[in-house]
Amino acid sequence: MPEALLRVNELRKDFVVGPMFRRKTVQAIRGVSFVLNKGETLGLVGESGCGKSTTGRAAIRLIEPSSGSIEYDGVDLASVGARDMRRLRQDLQIIFQDPYASLDPRMTVEQILTEPLGIQKIGTSAERRERVMDIIAEVGLQAAHAARYPHEFSGGQRQRIGIARSLILNPKMIVADEPVSALDVSVQAQIINLMQDVKAKHGMSYIFISHDLSVVKHICDRVAVMYLGEVVETASRDALYEEPLHPYTKALMSAIPGRRGAQKRITLKGDIPSPASPPRGCAFHTRCPSAMAICKTTPPQAIETGGRKVACHLYN
Amino acid sequence: MSIAAEQPAVSTSREPSFLVLLFSRGSVIAGSFLIALMVLTAVLAHWIAPFDPNALNIANRLQPPGSAAHLLGTDEFGRDVLSRVIHGARTSLAIGIAIVAFAVGIGTLIGLVTGFYNRVDMVLSRIMDGLMSFPGLVLAIAMTGVMGASSTTVVLALGIVYMPRVARIIRSAVLVVRELSYVEACFALGATRFYVLFRHVLPNVMSPIIIQATFIFSYAVLGEAALSFLGVGVPPTQPSWGNMLAEARTFIVLAWWMALFPGLAIMITVLGLNLFGDGLRDALDPKLKGR
């Protein structure tokens with residue numbers, strides 16, 4: 001039985017948007033629950049605007065969740081005090097999508113990598129420097145790069161610096177928010193390999209947020225599929241790619257180009273509904289090819305079947 | 001895994017120091033030369049001015065430049081224009097620097113706070129809007145009316161007039177920077193908001209701050225001129241480029257030199273500051289290093 005590292009329960013995040021007197025509430029995530037096991041890579045997939053990134057950030061409280069609990073190491077991250085949270089952040093790191101915006105242009109690589117140790121007050125300056133040089137080598141950069149500024153590097157190299165920054169505090173888990181989607185395909189493979197190498201060495205867990213199902217299949221152990229702020233299906237990678245259960249997952253899978261033994265492509269009609277006014281019943285019923293009468297009125301409960309979870313009336 | 005293809009050329013030379021970097025720019029050299037010229041003039045005014053700036057000589061009034069030992073001519077009371085321009089450098093530079101320090105110092109602080117802390121933004125930004133809704137000179141005149149005409153009043157009044165503009169520009173720059181991933185990354189590392197604000201946000205809004213500082217200096221010199229012209233600025237016994245211009249206006253057809261030379265002094269100072277400010281901004285930006 002795998003040991004849980006992070007247990008997210010009924011997490012919600014509402015954003016209040018719009019000008020005064022015409023304020024609307026956008027429900028970015030609407031009761032998301034999942035478990036991240038130790039040493040595991042959990043994929044979080046879904047189309048743009050489904051709340052993947054919000055979920056990833058709320059899980060390490062970079063965004064304050066509106067309600068719900070995040071159980072980590074015996075504490076509820078959602079209710080821990082600010083000072084304790086800052087200390088806990090050593091364990092919970094994040095890698096960003098845009099390697100151009102994620103590094104301060106006014107700091108050298110060495111300053112960028114020393115900063116986490118300074119903030120968490122770890123080591124003497126000699127120890128910090130040694131640690132920085134180690135990590136620079138570990139992510140495949142050279143010692144001479146330490147004195148350079150971010151703009152002197154390519155996208156792939158910047159992403160290596162971003163990974164180095166997230167690694168330097170020896171975190172227990174890293175949220176990777178589309179870490180390769182801004183990179184060339186050849187560089188993507190290098191960065192994915194690097195992420196797998198450092199995980200093999202340090203044994204941390206990843207929450208890997210992506211819309212690229214091929215990448216997710218390559219790196220993830222389990223996958224949670226999100227639609228309009230909800231997790232509709234959670235399963236092991238093999239089970240999900242062999243036999244997707246939820247109609248939305250099926251549609252996603254059929255859209256992977258060049259898939260072996262591909263069945264007919266399922267085309268979803270219409271757009272993703274606005275998260276400001278999600279549909280009643282099952283959020284997916286407006287676009288679901290197998291929608292039934294009950295789907296319009298009652299939201300489906302997630303049920304467990306054979307080690308996987310699916311929220312669809314077809315399986316009740 | 002091969003990453004040889006993404007390596008930039010490895011440079012082994014030591015990074016040049018910031019000052020070397022700064023003064024490798026032609027604009028910085030030219031700018032600092034002009035500023036140094038003005039500052040030296042102000043400091044050495046007592047020794048280099050040929051006449052007492054307030055010595056009246058009615059017999060020699062409104063003499064054109066080059067006549068009777070008056071290199072730049074005399075004004076309507078026969079006072080030596082050159083001496084007044086030299087002594088005016090003291091007042092004008094001091095007032096300009098003080099106004100810039102006041103407006104940019106407080107404006108930057110308010111801009112950082114309103115851009116970064118949503119809670120205070122609503123209140124502070126409305127106060128700034130309120131200050132900006134007054135026409136600048138009217139506000140300054142009202143303040144001198146309350147506090148009496150003096151250099152200190154001019155600095156306070158113009159400082160308060162220009163401060164909200166700085167605050168608003170810095171606020172908008174902060175709003176952009178605070179959404180960037182490196183700010184979020186720093187929070188993820190466990191930094192406090194205060195740390196992020198001064199370690200990451202402030203350095204990345206330096207460019208607009210420097211540009212504002214050089215602009216405001218020119219506005220300040222002109223604003224002081226306007227207040228002096230209206231009789232609520234620096235008293236005429238203390239020559240400033242502003243009150244010289246103000247007096248010269250009446251005689252512009254008769255004695256063009258009265259207006260030209262203080263005007264040139266303002267222009268040279270502002271030019272020097274802009275050249276220096278541009279160079280400083282570029283030297284502070286690592287992306288433009290070595291260009």
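Report follows, based on the coordinates. (Residues numbered from 1 in each chain as written. Chains lettered and ligands numbered in written order. Predicted model: local features only at pLDDT ≥ 70, side-chain atom pairs only at ≥ 80, totals over all residues. Heavy atoms only, no water.)

**Regarding the overall build of chain A**
Secondary structure summary: chain A contains nine helices and twelve strands in total. Its C-alpha radius of gyration of 21 Å places chain A within 12% of the 20 Å reference for a compact globule of 316 residues. Burial status across chain A gives 52% buried among its 316 residues. Counting contacts in chain A only where the partners sit at least 6 residues apart, residues at least 24 apart contribute 63% of the total. Surface exposure of chain A reaches about 14000 Å², of which carbon and sulfur atoms provide 49%. Looking at charge distribution, chain A has the averaged site of its 41 positive side-chain charges lying 5 Å from that of its 33 negative ones. (Helix = DSSP H or I, 4+ residues; strand = E, 2+ residues; numbered from the N terminus. Rg over C-alpha atoms; globule rule 2.2 N^0.38 Å. Buried < 20%, exposed > 50% of the residue type's maximum accessible area, 1.4 Å probe, protein only. Contact = heavy atoms within 4.5 Å. Areas by Shrake-Rupley, 256 points an atom, 1.4 Å probe, with all protein chains shown as cover. Lys, Arg positive; Asp, Glu negative; His and termini not counted. Charge placed at Lys NZ, Arg CZ, Asp CG, Glu CD.)

**A look at the layout of surface pockets**
Approximately 1100 Å³ is the volume attributed to the largest pocket. Surrounding the largest pocket, 24 residues form its lining, Leu62(A), Ile63(A), Glu64(A), Phe187(B) and Arg193(B) being those nearest its centre. Looking at the lining of the largest pocket, the elements that each hand over two or more residues are strand E1 (4-17) and helix H2 (82-88) of chain A together with helix H5 (118-133) and helix H8 (181-188) of chain B. When grouped by side-chain class, the residues that make up the lining of the largest pocket number eleven nonpolar, two polar and eleven charged. Estimated volume of the second largest pocket: approximately 530 Å³. If you trace the second largest pocket, you find 25 residues lining it, with Gly31(A), Glu230(A), Val231(A), Pro300(A) and Ala311(A) closest to the centre. Broken down by secondary-structure element, the contributors of at least two residues to the lining of the second largest pocket are E1, strand E2 (24-37), strand E10 (230-236) and strand E12 (308-310) of chain A. Along the lines of polarity and charge, the residues of the lining of the second largest pocket split into 13 nonpolar, six polar and six charged. (1 Å grid on protein atoms, 1.4 Å probe; cavity = no way out; pocket = protein on both sides within 12 Å on 5 of 7 lines; lining within 4 Å. Points joined across faces, edges and corners; volume = space filled by probe spheres on them. Nonpolar A, V, L, I, M, F, W, Y, C, P; charged D, E, K, R; others polar.)

**Re the sheet that holds E2(A)**
Residues and elements named next belong to chain A. Spatially, E2-E1-E4-E5 is the arrangement adopted by the four strands of the open sheet, whose pairing is antiparallel. Unpaired on one side and paired on the other, E2 and strand E5 (75-76) mark the two borders of the sheet. As paired elements, strand E4 (residues 67-72) and E5 share two bridges and run antiparallel to each other. Bridging from a neighbouring strand, Tyr72 pairs with Val75 of E5. (Pairing = 2+ DSSP bridges.)

**Some words on the nonpolar core**
Counting residues in each nonpolar core, the largest one holds 157 residues, and the members touching the most others are Leu6(A), Leu113(A), Met173(A), Ile207(A), Phe208(A), Val201(B) and Trp241(B). Examining the composition of this core, we find that 14 residues originate from one element, helix H4 (residues 81-116) of chain B, more than from any other. (Core = buried A, V, L, I, M, F, W, Y, C linked by side-chain atoms within 4.5 Å.)

**Side note on the packing of aromatic side chains**
How two aromatic rings sit relative to each other is given by the distance of their centres and the angle of their planes. Here the structure, examined in full by the defined rule, presents eight aromatic pairs over all chains. Taking 5.2 Å as the distance between ring centres and 70° as the angle between the ring planes, the aromatic pair formed by Tyr248(A) and Phe284(A) counts as edge-to-face. A residue pair is termed long-range when its members are at least 10 positions apart, and Tyr248(A) in helix H9 (residues 247-254) and Phe284(A) in the loop between H9 and strand E11 (303-305) qualify at 36 residues. Of the residues examined, Phe284(A) reaches a relative accessible area of 1% and is grouped as buried. Both rings, one in Phe116(B) and one in Tyr117(B), keep their centres 5.7 Å apart while their planes meet at 85°; by these two values the pair is edge-to-face. The class of Phe116(B) is buried, set by a relative accessible area of 2%. You can call Tyr117(B) partly exposed: its relative accessible area is 26%. (Phe/Tyr/Trp six-rings, centres within 6.5 Å; stacked < 30°, edge-to-face > 60°.)

**Points about the side chain of Ser166(A)**
Residue and element names in this part refer to chain A. Tracing the sequence through the fold places Ser166 in helix H5 (residues 155-167). Within the structure, Ser166 has its side chain in polar contact with the backbone oxygen of Ile163 (distance 2.8 Å). In this view, Ser166 contacts Gln93, Ile94, Ile95, Pro171 and Ile174; residues no more than four positions away in its chain are not counted. (Polar contact = N/O pair within 3.5 Å; in protein donor to acceptor, adjacent residues only side chain to side chain.)

**A short note on the packing of H4(B) against helix H10 (residues 206-229) of chain B**
Residues and elements named next belong to chain B. Between H4 and H10, the shortest axis-to-axis distance is 8 Å and the interhelical angle comes to 135°. Here H10 runs oblique to H4, going by the angle between their axes. Once H4 is placed against H10, the crossing between them reads as right-handed. Together, Ser92, Leu93, Ile95, Gly96, Ile97, Ile99, Val100, Ala103, Val104 and Thr108 of H4 and Ile209, Ala213, Ile216, Phe217, Ala220, Val221 and Glu224 of H10 make up the contact between the two elements. Across the contact of H4 with H10, the residue classes break down as 13 nonpolar, three polar and one charged. (Axes fitted to C-alpha atoms, helices over the stretch in contact; angles between N-to-C directions. Parallel < 35°, antiparallel > 145°, perpendicular 65-115°, else oblique. Left-handed = near helix turned anticlockwise from the far one by under 90°.)

**Points about the interface of chain A and chain B**
Listed per partner, the contact involves 39 residues of chain A and 33 residues of chain B. Roughly 3100 Å² is buried in total at the junction of chain A and chain B, and carbon and sulfur atoms are behind 56% of that figure. Linking Arg57(A) and Glu184(B) is a salt bridge whose minimum nitrogen-to-oxygen distance equals 2.4 Å. At the surface where chain A touches chain B, the tally comes to eleven residue pairs in polar contact (both at pLDDT 80 or more). (Buried area = accessible area lost by both parts, 1.4 Å probe. Salt bridge = Lys/Arg side-chain N within 4 Å of Asp/Glu carboxyl O.)

**Brief notes about the sheet that holds strand E7 (residues 173-177) of chain A**
All names here are of chain A. Sheet architecture is open: eight strands sit in the order E6-E7-E8-E3-E9-E10-E12-E11, paired in mixed fashion. The open sheet has two edge strands, strand E6 (92-95) and E11, and neither has a second partner. For this sheet, the mean angle separating the axes of adjacent strands, direction not counted, is 20°. Note that strand E3 (residues 41-45) and strand E8 (residues 205-210) share five bridges and pair parallel. Residue pairing for E8: Val45 is matched across the bridge by Ser210. Its contacts with the sheet put H5 on E6 and E7, and the angle it makes with E6 is roughly 175°. Helix-sheet contacts for H9 involve strand E9 (222-227) and E10, and the interaxial angle to E9 is about 105°.

**What about the pattern of salt bridges?**
What the rule picks out here adds up to 25 salt bridges over all chains. In this structure, the salt-bridge partner of Lys52(A) is Glu178(A), at a minimum N-O distance of 3.9 Å. You can see Lys52(A) sitting in helix H1 (residues 52-59) and its partner Glu178(A) sitting in the loop between E7 and helix H6 (185-202), a full 126 residues away along the chain. In this structure, the salt-bridge partner of Glu179(B) is Arg178(B), at a minimum N-O distance of 3.3 Å. Through salt bridges with shared partners, a single network forms among Asp75(B), Arg79(B), Arg84(B) and Glu247(B).

**Digging into the pairing of E9(A)**
Residue and element names in this part refer to chain A. Of all six residues in E9, six are buried, a share of seventy percent or more. Side-chain alternation along E9 places Arg222, Ala224 and Met226 on one buried face and Val223, Val225 and Tyr227 on a second face that is also buried. Between E9 and E10, which pair antiparallel one after the other, the connecting turn spans two residues, and Leu228 there sits at a positive phi close to 45°.

**Some details on the side chain of His87(B)**
Tracing the chain through its elements places His87(B) in helix H4. Overall, His87(B) belongs to the buried group, its relative accessible area being 12%.

**Details of the state of the cysteines**
Residue and element names in this part refer to chain A. A complete count under the given rule lists zero disulfides over all chains for this structure. Here Cys288 is not cross-linked by a disulfide; its sulfur's nearest cysteine counterpart is in Cys312, at 6.1 Å. Residue classification places Cys288 among the buried residues on the basis of a relative accessible area of 16%. By relative accessible area, Cys312 is classed as buried at 8%. (Disulfide = S-S within 2.5 Å.)

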